[in-house]
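# Structural features, examined
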Amino acid sequence: MELISVVIPVYNKEQYVEECLRNVLAQDYANLEVIAVDDGSTDRSGAICDEVARDDARLRVFHQANGGVTAARRYGVEQAGGACIAFVDSDDVLLPGALRKLHDAMLESGADEVAGIYCNQYGTLSPVMGPGLVNPDDLVSSILRNTNRFCLLWGVLYRKPLLDGCLDFPREIIEGEDKLMQMAVLMKQPKVVFIADCVYQYNVDVPNARRQTLDRVQEYDRQLQTVLAGRFETEFVIHQLKDYEDFLNRGQLEVRPYYQSLLKGRISSQVPVLDRMVFRLPPRLAAVLIRLYKRWQRYRHGRI
């Protein structure tokens, strides 16, 4: 039986981390190690990890100065001895039987990456993608268009070599780092299989103090352009429009001149009509439309 390494980056999640760790350790997959990387927590998160580790030798805890979530994941993968890697966020829950189901599908299909579906703490399920073999290019396109409703990083089992070079992004990338990593993986054209089993509980409405800035978005786009290597040009424009819409939704209307200059002459008829319309509207009016649309989406998808 292959060893699976579960990597958990931890930063200031003392209310959630013990439940997270104990749910992973309760998995019915026998050959398992858990690697918790305490990324400079200032609360009791690191101490809680150490306490749980004293009860179960399968859990190894590493403490490091704060370097960001991607650096914590990268360090965890470097310490991992498993042939397969799974990621879990420290405020979420890996559901019973998850690793066994993902690994069984990997062995049966010969896949490099297997993804399940997820739910939130209110019991709402994400849409089922597949199940079966999925084209990596279709997944990249849906991520860039922001229409993805599948597990990106957590709820997924990877062959460890597939992750090489996919966790090297700078710490300034604090939003969408999971999308960026998954796209870097998918650009390698792996064999990807989806299963219809719910394997992960993603807890929504967890407090998050992070605020996106234009500088960070610009760095993200530089990294993303490198990952895409000249492909998905229309989808990249749609991705930038979605960033603009997110800024408006948060009331950061001052970004309007930057995006007017950035996207001038680049918005083709292949871009969805609603996105084109929002871009042409005055920013305050566009922000109202975006909020109404997001509220409708939230209702439609049951908070996921």
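From a predicted model like this one, the values you see are computed outputs, not experimental measurements.

Our focus in this paragraph is the overall build of the protein chain. When helices and strands are tallied, the protein chain shows eleven helices and nine strands. In summary, the protein chain has a C-alpha radius of gyration of 20 Å against a globular reference of 19 Å for 304 residues, a match within 12%. Dimensions of the protein chain along its principal axes, counting C-alpha atoms only, are 60 × 45 × 35 Å. Counting only residues that meet the buried cut, the protein chain has 52% of its 304 residues in that class. Sequence-distant contacts, at least 24 apart, represent 81% of the contacts inside the protein chain between residues at least 6 apart. Carbon and sulfur atoms provide 50% of the accessible area of the protein chain, an area that totals close to 13900 Å².

Looking now at the packing of aromatic side chains. A complete count under the given rule lists twelve aromatic pairs for this structure. Consider the rings of Tyr118 and Trp154, whose centres lie 5.2 Å apart with planes at 80°: the pair is edge-to-face. Within this pair, whereas Tyr118 is found in strand β6 (residues 113-119), its partner Trp154 is found in the loop between α5 (136-144) and β8 (156-159), the two being separated by 36 residues in sequence. Each member of the pair Tyr118 and Trp154 is classed as buried. Look at Phe247 and Tyr259: their rings are 6.2 Å apart centre to centre, the planes differ by 50°, and that puts the pair in the tilted class. Of this pair, Phe247 sits in helix α8 (residues 233-249) while Tyr259 sits in helix α9 (residues 256-263), placing them twelve residues apart in sequence. This pair shows no difference in class: Phe247 is buried, exactly as Tyr259 is.

This part is about a nonpolar patch on the surface. On the surface, a cluster of nonpolar side chains totalling about 370 Å² of accessible area is made up of Leu274, Met277, Tyr293 and Trp296. The set of elements that each furnish at least two residues to the nonpolar patch consists of α10 (273-280) and α11 (283-300). Structurally, Tyr293 can be placed in helix α11.

Turning our eyes to something else, we now look at the environment of Pro127. Positionally, Pro127 belongs in the loop between β6 and β7 (132-134). Pro127 sits 23 residues away from Phe150 along the chain, and the two C-alpha atoms are 7.2 Å apart. In contact with Pro127, not counting residues within four places along its chain, are Ile117 and Arg149.

This part is about the side chain of Asp178. In this structure, Asp178 sits in helix α6 (residues 177-186). Arg73 provides the closest opposite charge to the buried, salt-bridge-free Asp178, at an N-O distance of 6.2 Å. In this structure Asp178 touches Leu152 and Leu153, once residues within four positions along its chain are discounted.

In terms of burial, strand β2 (residues 32-39) is a largely internal element, eight of the eight residues being buried. What you see with β2 is no split at all: Leu32, Val34, Ala36 and Asp38 on one side and Glu33, Ile35, Val37 and Asp39 on the other are buried throughout. Bridging between strand β1 (residues 4-10) and β2 involves seven bridges; their strand directions are parallel. For Val7, the partnering residue across the bridge sits in β2 and is Ile35.

Time to look at the side chain of Asp56. Secondary-structure assignment places Asp56 in the loop between α2 (45-55) and β3 (59-64). Of the polar contacts made by the side chain of Asp56, one reaches the side chain of Arg58; its length is 2.8 Å.

What counts as what
Chains are numbered independently. Their residues run from 1 in the order of the written sequence. Given that this is a predicted model, residues contribute local features only at a pLDDT of at least 70 and side-chain atom pairs are listed and counted only at 80 or more, while totals for whole chains, interfaces and linings are drawn from all residues. To get the side-chain values, take all heavy atoms of the structure and skip hydrogens and water. Counting from the N terminus, the helices are the DSSP runs of H or I reaching at least four residues and the strands are the DSSP runs of E reaching at least two. The reference for a compact globule is 2.2 Å times residues^0.38; the radius of gyration itself is calculated from the C-alpha atoms. For the exposure calls, accessible area comes from a 1.4 Å probe over protein chains only, and a residue counts as buried if that area is under 20% of its type's maximum, exposed if over 50%, partly exposed in between. A contact between two residues is defined here by any heavy atoms of the two lying within 4.5 Å. Each accessible area is a Shrake-Rupley estimate made with a 1.4 Å probe; only the visible protein chains count as cover when residues are assessed. Centre distance within 6.5 Å is the pairing criterion for rings of Phe, Tyr and Trp, where only the six-membered ring of Trp is used; planes under 30 degrees apart are then read as stacked, over 60 as edge-to-face, and the remainder as tilted. Each patch is built from residues lacking any salt bridge and having more than 30% relative accessible area; the joining distance is 9 Å for like charges and 5 Å for nonpolar side chains (Val, Leu, Ile, Met, Phe, Trp, Tyr). A carboxyl oxygen of Asp or Glu within 4 Å of a side-chain nitrogen of Lys or Arg is what we treat as a salt bridge. Positive charges are assigned to Lys and Arg, negative charges to Asp and Glu, while His and the chain termini are left out of the count. Following DSSP output, two strands are said to pair if at least two bridges run between them. Distance and chemistry together define a polar contact, namely a pair of N or O atoms within 3.5 Å, with one atom able to donate a hydrogen and the other to accept it when in protein, and with adjacent residues in sequence counting only for side-chain atoms on both sides.

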